Amino acid sequence: MVNQLEEKKKSGLKSKFRWFIQRQESSIILATVIYMAVVTCVNPVFISSGNLFNVLKTMGYTLITVVGMSFILITGGLDLSVGSVLALGGVITGMACKAGIPVVFAILLGMLTGVLIGFINGSIIVKAGIPPLIVTLGMQYVARGLVSVLTQGVPIYPLPEGLMKIDQLKILHIPMVVIVALAIAAIGHIALAHAPFGRAIYALGGNEEAARISGINTRRTKLMVYVITSTLAALAGIFMSARLGSAEAAAGTGYELTVICGAIIGGISTFGGMGSIIGATIGAFFMEVLTNSLTLMRISVYWQNLVVGVILVLAVLLDQYKRNIILKNSTKVKD
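Our subject in this report is the structure included herewith. (Residues numbered from 1 in each chain as written. Predicted model: local features only at pLDDT ≥ 70, side-chain atom pairs only at ≥ 80, totals over all residues. Heavy atoms only, no water.)

**Quick look at the environment of Leu204**
- Considering the arrangement of structural elements, one finds Leu204 in helix H9 (residues 196-206).
- Taking the C-alpha atoms as reference points, Leu204 and Thr75, 129 residues apart in sequence, are found 5.3 Å from one another.
- When residues no more than four places from it in sequence are discounted, the contact partners of Leu204 are Thr75, Ala211, Thr218, Thr221 and Lys222. (Helix = DSSP H or I, 4+ residues; strand = E, 2+ residues; numbered from the N terminus. Contact = heavy atoms within 4.5 Å.)

As C-alpha coordinates, this is what we get:
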(Lines give C-alpha, C1' and ligand atoms only; values in the text may rest on other atoms or scores of the structure.)
Protein backbone atom coordinates (compact mmCIF):
# COMPACT_ATOMS: atom_id res chain seq x y z
CA MET A 1 0.00 0.00 0.00
CA VAL A 2 2.82 2.38 0.94
CA ASN A 3 4.67 1.52 -2.28
CA GLN A 4 1.54 2.26 -4.33
CA LEU A 5 1.15 5.67 -2.68
CA GLU A 6 4.82 6.48 -3.35
CA GLU A 7 4.45 5.42 -6.97
CA LYS A 8 1.37 7.62 -7.34
CA LYS A 9 3.26 10.57 -5.87
CA LYS A 10 6.20 9.97 -8.21
CA SER A 11 3.94 9.64 -11.24
CA GLY A 12 2.09 12.78 -10.14
CA LEU A 13 5.36 14.71 -9.84
CA LYS A 14 6.51 13.40 -13.23
CA SER A 15 3.26 14.45 -14.89
CA LYS A 16 3.48 17.92 -13.30
CA PHE A 17 7.10 18.27 -14.42
CA ARG A 18 6.17 17.14 -17.94
CA TRP A 19 3.32 19.64 -17.97
CA PHE A 20 5.67 22.42 -16.87
CA ILE A 21 8.33 21.58 -19.48
CA GLN A 22 5.72 21.51 -22.23
CA ARG A 23 4.48 24.97 -21.25
CA GLN A 24 5.61 27.72 -23.60
CA GLU A 25 6.81 29.83 -20.66
CA SER A 26 9.00 27.11 -19.09
CA SER A 27 12.17 28.15 -20.94
CA ILE A 28 12.12 31.77 -19.79
CA ILE A 29 11.14 30.79 -16.22
CA LEU A 30 14.10 28.39 -15.95
CA ALA A 31 16.45 30.91 -17.59
CA THR A 32 15.36 33.65 -15.17
CA VAL A 33 15.75 31.44 -12.08
CA ILE A 34 19.19 30.18 -13.15
CA TYR A 35 20.39 33.67 -14.07
CA MET A 36 19.20 35.12 -10.75
CA ALA A 37 20.98 32.34 -8.87
CA VAL A 38 24.25 33.01 -10.72
CA VAL A 39 24.03 36.78 -10.15
CA THR A 40 23.28 36.24 -6.44
CA CYS A 41 26.45 34.14 -6.14
CA VAL A 42 28.47 36.93 -7.78
CA ASN A 43 26.81 39.77 -5.86
CA PRO A 44 24.53 38.84 -2.89
CA VAL A 45 23.17 42.43 -2.83
CA PHE A 46 21.08 41.50 -5.86
CA ILE A 47 18.75 39.28 -3.83
CA SER A 48 18.20 41.89 -1.11
CA SER A 49 14.60 42.99 -0.57
CA GLY A 50 15.43 46.61 -1.41
CA ASN A 51 16.98 45.72 -4.76
CA LEU A 52 14.22 43.29 -5.74
CA PHE A 53 11.70 46.00 -4.83
CA ASN A 54 13.45 48.36 -7.29
CA VAL A 55 13.46 45.65 -9.98
CA LEU A 56 9.71 45.10 -9.59
CA LYS A 57 8.96 48.82 -9.65
CA THR A 58 11.05 49.43 -12.76
CA MET A 59 9.45 46.39 -14.39
CA GLY A 60 6.06 48.04 -13.97
CA TYR A 61 6.90 50.82 -16.44
CA THR A 62 7.97 48.22 -19.01
CA LEU A 63 5.20 45.68 -18.42
CA ILE A 64 2.42 48.22 -19.02
CA THR A 65 3.46 48.52 -22.68
CA VAL A 66 4.69 44.93 -23.10
CA VAL A 67 1.08 43.76 -22.86
CA GLY A 68 0.03 45.91 -25.82
CA MET A 69 3.18 45.06 -27.79
CA SER A 70 2.41 41.36 -27.28
CA PHE A 71 -0.98 41.87 -28.93
CA ILE A 72 0.67 43.57 -31.90
CA LEU A 73 3.42 40.96 -32.31
CA ILE A 74 0.90 38.11 -32.16
CA THR A 75 -1.02 39.72 -35.03
CA GLY A 76 2.24 39.74 -36.98
CA GLY A 77 2.76 43.49 -36.63
CA LEU A 78 5.26 45.79 -34.93
CA ASP A 79 5.24 49.19 -33.20
CA LEU A 80 8.47 51.17 -33.02
CA SER A 81 6.81 54.38 -31.83
CA VAL A 82 6.08 53.38 -28.20
CA GLY A 83 9.18 55.12 -26.79
CA SER A 84 8.27 58.43 -28.39
CA VAL A 85 4.61 58.02 -27.42
CA LEU A 86 5.72 57.45 -23.82
CA ALA A 87 7.60 60.77 -23.88
CA LEU A 88 4.73 62.61 -25.57
CA GLY A 89 2.14 61.25 -23.13
CA GLY A 90 4.22 62.48 -20.20
CA VAL A 91 4.86 65.88 -21.80
CA ILE A 92 1.19 66.50 -22.67
CA THR A 93 0.17 65.57 -19.12
CA GLY A 94 2.90 67.78 -17.64
CA MET A 95 1.97 70.76 -19.82
CA ALA A 96 -1.71 70.34 -18.95
CA CYS A 97 -0.86 70.33 -15.24
CA LYS A 98 1.29 73.44 -15.64
CA ALA A 99 -1.64 75.14 -17.42
CA GLY A 100 -3.78 74.64 -14.32
CA ILE A 101 -5.87 71.73 -15.61
CA PRO A 102 -6.83 69.31 -12.79
CA VAL A 103 -4.55 66.26 -12.55
CA VAL A 104 -7.26 63.74 -13.48
CA PHE A 105 -8.11 65.60 -16.71
CA ALA A 106 -4.41 66.13 -17.46
CA ILE A 107 -3.87 62.37 -17.23
CA LEU A 108 -6.84 61.78 -19.52
CA LEU A 109 -5.35 64.23 -22.06
CA GLY A 110 -2.05 62.34 -21.96
CA MET A 111 -3.80 59.03 -22.54
CA LEU A 112 -5.98 60.50 -25.31
CA THR A 113 -2.73 61.48 -27.04
CA GLY A 114 -1.83 57.79 -27.05
CA VAL A 115 -5.28 56.88 -28.38
CA LEU A 116 -4.90 59.38 -31.24
CA ILE A 117 -1.44 58.18 -32.25
CA GLY A 118 -2.51 54.54 -32.09
CA PHE A 119 -5.55 55.35 -34.22
CA ILE A 120 -3.35 57.08 -36.82
CA ASN A 121 -0.88 54.18 -36.86
CA GLY A 122 -3.62 51.57 -37.17
CA SER A 123 -5.61 53.50 -39.78
CA ILE A 124 -2.61 53.96 -42.09
CA ILE A 125 -1.59 50.32 -41.73
CA VAL A 126 -5.12 49.03 -42.35
CA LYS A 127 -6.34 51.44 -45.04
CA ALA A 128 -3.14 52.19 -46.95
CA GLY A 129 -1.63 48.73 -46.55
CA ILE A 130 1.77 50.16 -45.59
CA PRO A 131 3.94 47.77 -43.50
CA PRO A 132 3.79 48.46 -39.72
CA LEU A 133 7.59 48.82 -39.60
CA ILE A 134 7.51 51.86 -41.91
CA VAL A 135 4.41 53.48 -40.40
CA THR A 136 5.49 53.19 -36.77
CA LEU A 137 9.08 54.17 -37.55
CA GLY A 138 7.75 57.36 -39.14
CA MET A 139 5.47 57.95 -36.16
CA GLN A 140 8.45 57.47 -33.86
CA TYR A 141 10.11 60.51 -35.45
CA VAL A 142 6.85 62.49 -35.60
CA ALA A 143 6.07 61.98 -31.90
CA ARG A 144 9.67 62.64 -30.86
CA GLY A 145 9.66 65.78 -32.99
CA LEU A 146 6.47 66.99 -31.31
CA VAL A 147 8.09 66.43 -27.92
CA SER A 148 11.11 68.51 -28.99
CA VAL A 149 8.92 71.31 -30.35
CA LEU A 150 6.71 71.43 -27.25
CA THR A 151 9.54 71.33 -24.72
CA GLN A 152 12.41 72.91 -26.68
CA GLY A 153 14.51 70.27 -24.92
CA VAL A 154 13.71 71.74 -21.49
CA PRO A 155 12.09 69.44 -18.87
CA ILE A 156 8.62 70.44 -17.70
CA TYR A 157 8.76 70.89 -13.93
CA PRO A 158 7.83 71.16 -11.15
CA LEU A 159 4.80 68.92 -11.53
CA PRO A 160 1.96 69.18 -8.99
CA GLU A 161 1.97 67.00 -5.89
CA GLY A 162 -1.25 65.36 -7.03
CA LEU A 163 0.51 63.86 -10.05
CA MET A 164 3.64 62.81 -8.20
CA LYS A 165 1.55 61.06 -5.55
CA ILE A 166 0.54 58.54 -8.21
CA ASP A 167 4.05 57.13 -8.08
CA GLN A 168 4.23 57.35 -4.29
CA LEU A 169 0.96 55.50 -3.64
CA LYS A 170 1.29 51.97 -2.28
CA ILE A 171 -1.15 49.19 -1.46
CA LEU A 172 0.23 46.58 0.95
CA HIS A 173 3.66 48.16 0.36
CA ILE A 174 3.35 47.47 -3.39
CA PRO A 175 3.89 50.55 -5.63
CA MET A 176 0.88 51.70 -7.63
CA VAL A 177 2.70 51.30 -10.95
CA VAL A 178 3.31 47.61 -10.21
CA ILE A 179 -0.34 47.07 -9.24
CA VAL A 180 -1.56 48.81 -12.40
CA ALA A 181 0.93 46.89 -14.58
CA LEU A 182 -0.08 43.51 -13.11
CA ALA A 183 -3.78 44.41 -13.43
CA ILE A 184 -3.25 45.28 -17.12
CA ALA A 185 -1.32 42.02 -17.60
CA ALA A 186 -4.14 40.05 -15.95
CA ILE A 187 -6.78 41.72 -18.13
CA GLY A 188 -4.58 41.15 -21.20
CA HIS A 189 -4.18 37.47 -20.33
CA ILE A 190 -7.93 36.96 -19.88
CA ALA A 191 -8.70 38.84 -23.12
CA LEU A 192 -6.09 36.89 -25.08
CA ALA A 193 -6.79 33.45 -23.66
CA HIS A 194 -10.55 33.48 -23.12
CA ALA A 195 -12.23 36.31 -25.07
CA PRO A 196 -13.30 36.47 -28.75
CA PHE A 197 -10.95 39.45 -29.15
CA GLY A 198 -8.00 37.24 -28.18
CA ARG A 199 -9.05 34.51 -30.59
CA ALA A 200 -9.27 37.12 -33.34
CA ILE A 201 -5.71 38.28 -32.54
CA TYR A 202 -4.33 34.73 -32.74
CA ALA A 203 -6.27 34.02 -35.94
CA LEU A 204 -5.02 37.23 -37.52
CA GLY A 205 -1.41 36.33 -36.75
CA GLY A 206 -1.83 32.73 -37.88
CA ASN A 207 -3.40 33.44 -41.25
CA GLU A 208 -4.97 36.82 -41.97
CA GLU A 209 -6.85 35.73 -45.09
CA ALA A 210 -8.30 32.65 -43.36
CA ALA A 211 -9.32 34.84 -40.39
CA ARG A 212 -11.10 37.26 -42.74
CA ILE A 213 -12.93 34.47 -44.54
CA SER A 214 -14.04 32.97 -41.22
CA GLY A 215 -15.85 36.21 -40.40
CA ILE A 216 -13.31 38.00 -38.20
CA ASN A 217 -13.13 41.75 -38.71
CA THR A 218 -9.36 41.82 -39.26
CA ARG A 219 -9.22 45.55 -39.98
CA ARG A 220 -10.92 46.48 -36.73
CA THR A 221 -8.77 44.02 -34.75
CA LYS A 222 -5.58 45.50 -36.20
CA LEU A 223 -6.74 49.03 -35.47
CA MET A 224 -7.63 48.16 -31.88
CA VAL A 225 -4.28 46.57 -31.01
CA TYR A 226 -2.38 49.66 -32.16
CA VAL A 227 -4.73 51.97 -30.23
CA ILE A 228 -4.35 49.83 -27.08
CA THR A 229 -0.55 49.75 -27.33
CA SER A 230 -0.13 53.50 -27.85
CA THR A 231 -2.55 54.26 -25.01
CA LEU A 232 -0.61 51.98 -22.66
CA ALA A 233 2.69 53.59 -23.76
CA ALA A 234 1.25 57.04 -22.92
CA LEU A 235 0.12 55.71 -19.53
CA ALA A 236 3.64 54.41 -18.86
CA GLY A 237 4.94 57.88 -19.75
CA ILE A 238 2.58 59.49 -17.24
CA PHE A 239 3.78 57.15 -14.49
CA MET A 240 7.39 57.87 -15.42
CA SER A 241 6.82 61.63 -15.25
CA ALA A 242 5.22 61.18 -11.83
CA ARG A 243 8.27 59.21 -10.71
CA LEU A 244 10.80 61.79 -11.97
CA GLY A 245 8.75 64.81 -10.89
CA SER A 246 9.17 66.26 -14.39
CA ALA A 247 8.26 65.51 -18.00
CA GLU A 248 11.55 64.81 -19.77
CA ALA A 249 12.01 65.34 -23.50
CA ALA A 250 14.45 62.41 -23.64
CA ALA A 251 12.15 60.00 -21.79
CA GLY A 252 11.53 56.68 -23.52
CA THR A 253 14.72 56.69 -25.57
CA GLY A 254 15.40 53.04 -26.40
CA TYR A 255 12.18 52.03 -24.62
CA GLU A 256 10.82 50.29 -27.72
CA LEU A 257 13.81 47.91 -27.77
CA THR A 258 13.25 46.95 -24.12
CA VAL A 259 9.53 46.37 -24.69
CA ILE A 260 9.97 44.33 -27.88
CA CYS A 261 12.85 42.36 -26.37
CA GLY A 262 10.83 41.56 -23.24
CA ALA A 263 7.89 40.28 -25.30
CA ILE A 264 10.04 38.16 -27.63
CA ILE A 265 12.15 36.71 -24.81
CA GLY A 266 8.86 35.83 -23.11
CA GLY A 267 7.89 33.62 -26.05
CA ILE A 268 5.86 35.99 -28.26
CA SER A 269 6.55 34.91 -31.83
CA THR A 270 7.90 37.52 -34.24
CA PHE A 271 6.02 35.68 -37.00
CA GLY A 272 2.66 36.07 -35.28
CA GLY A 273 0.06 33.64 -34.02
CA MET A 274 1.95 32.43 -30.93
CA GLY A 275 2.68 33.63 -27.39
CA SER A 276 1.06 34.44 -24.06
CA ILE A 277 0.85 37.39 -21.69
CA ILE A 278 2.21 35.21 -18.87
CA GLY A 279 5.38 34.60 -20.87
CA ALA A 280 5.63 38.26 -21.85
CA THR A 281 5.29 39.29 -18.18
CA ILE A 282 8.16 37.01 -17.21
CA GLY A 283 10.12 38.35 -20.19
CA ALA A 284 9.63 41.92 -18.95
CA PHE A 285 10.80 40.84 -15.49
CA PHE A 286 13.86 39.13 -17.00
CA MET A 287 14.79 42.31 -18.89
CA GLU A 288 14.76 44.36 -15.69
CA VAL A 289 16.67 41.65 -13.81
CA LEU A 290 19.27 41.69 -16.58
CA THR A 291 19.65 45.49 -16.60
CA ASN A 292 19.72 45.70 -12.80
CA SER A 293 22.26 42.89 -12.40
CA LEU A 294 24.63 44.31 -15.03
CA THR A 295 24.50 47.69 -13.28
CA LEU A 296 25.19 46.06 -9.89
CA MET A 297 28.19 44.27 -11.38
CA ARG A 298 29.38 47.65 -12.74
CA ILE A 299 29.21 46.58 -16.36
CA SER A 300 29.53 49.53 -18.74
CA VAL A 301 26.27 50.71 -20.33
CA TYR A 302 27.84 50.10 -23.74
CA TRP A 303 28.34 46.44 -22.87
CA GLN A 304 24.81 46.33 -21.49
CA ASN A 305 23.41 47.35 -24.88
CA LEU A 306 25.56 44.69 -26.52
CA VAL A 307 24.24 42.02 -24.15
CA VAL A 308 20.61 43.03 -24.73
CA GLY A 309 21.16 42.98 -28.50
CA VAL A 310 22.72 39.51 -28.39
CA ILE A 311 19.90 38.16 -26.22
CA LEU A 312 17.31 39.61 -28.62
CA VAL A 313 18.97 37.90 -31.60
CA LEU A 314 19.19 34.60 -29.69
CA ALA A 315 15.50 34.88 -28.74
CA VAL A 316 14.53 35.39 -32.39
CA LEU A 317 16.70 32.43 -33.43
CA LEU A 318 15.02 30.27 -30.78
CA ASP A 319 11.63 31.47 -32.02
CA GLN A 320 12.57 30.45 -35.57
CA TYR A 321 13.82 27.07 -34.34
CA LYS A 322 10.56 26.38 -32.48
CA ARG A 323 8.56 27.47 -35.51
CA ASN A 324 10.48 25.08 -37.79
CA ILE A 325 9.83 22.20 -35.38
CA ILE A 326 6.10 22.99 -35.28
CA LEU A 327 5.95 23.15 -39.10
CA LYS A 328 7.78 19.82 -39.42
CA ASN A 329 5.43 18.15 -36.92
CA SER A 330 2.35 19.54 -38.65
CA THR A 331 3.67 18.30 -42.02
CA LYS A 332 4.25 14.80 -40.58
CA VAL A 333 0.71 14.71 -39.20
CA LYS A 334 -0.73 15.66 -42.61
CA ASP A 335 1.36 12.99 -44.34
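**Brief notes about the packing of helix H12 (residues 255-265) against helix H13 (residues 277-296)**
- Viewed as axis vectors pointing N to C, H12 and H13 meet at an angle of 125°, and their least axial separation amounts to 7 Å. Viewed along their axes, H12 and H13 adopt a mutual orientation that is oblique. Where H12 crosses over H13, the two elements pack in a sense that is right-handed. Contacts from Thr258, Cys261, Gly262, Ala263 and Ile265 of H12 reach H13 at Ala280, Gly283, Ala284, Phe286, Met287 and Glu288.
- Of the residues that constitute the contact of H12 with H13, the class distribution is 7 nonpolar, 3 polar and 1 charged. (Axes fitted to C-alpha atoms, helices over the stretch in contact; angles between N-to-C directions. Parallel < 35°, antiparallel > 145°, perpendicular 65-115°, else oblique. Left-handed = near helix turned anticlockwise from the far one by under 90°. Nonpolar A, V, L, I, M, F, W, Y, C, P; charged D, E, K, R; others polar.)

**Some details on the side chain of Thr75**
- In this fold, Thr75 is placed in the loop between helix H3 (49-74) and helix H4 (82-98).
- The buried category is assigned to Thr75, whose relative accessible area is 9%.
- Reaching out from Thr75, the side chain makes a polar contact with the backbone oxygen of Ile72 at a distance of 2.5 Å.
- Setting aside its immediate chain neighbours within four residues, Thr75 contacts Ile201, Leu204, Gly205 and Val225. (Buried < 20%, exposed > 50% of the residue type's maximum accessible area, 1.4 Å probe, protein only. Polar contact = N/O pair within 3.5 Å; in protein donor to acceptor, adjacent residues only side chain to side chain.)

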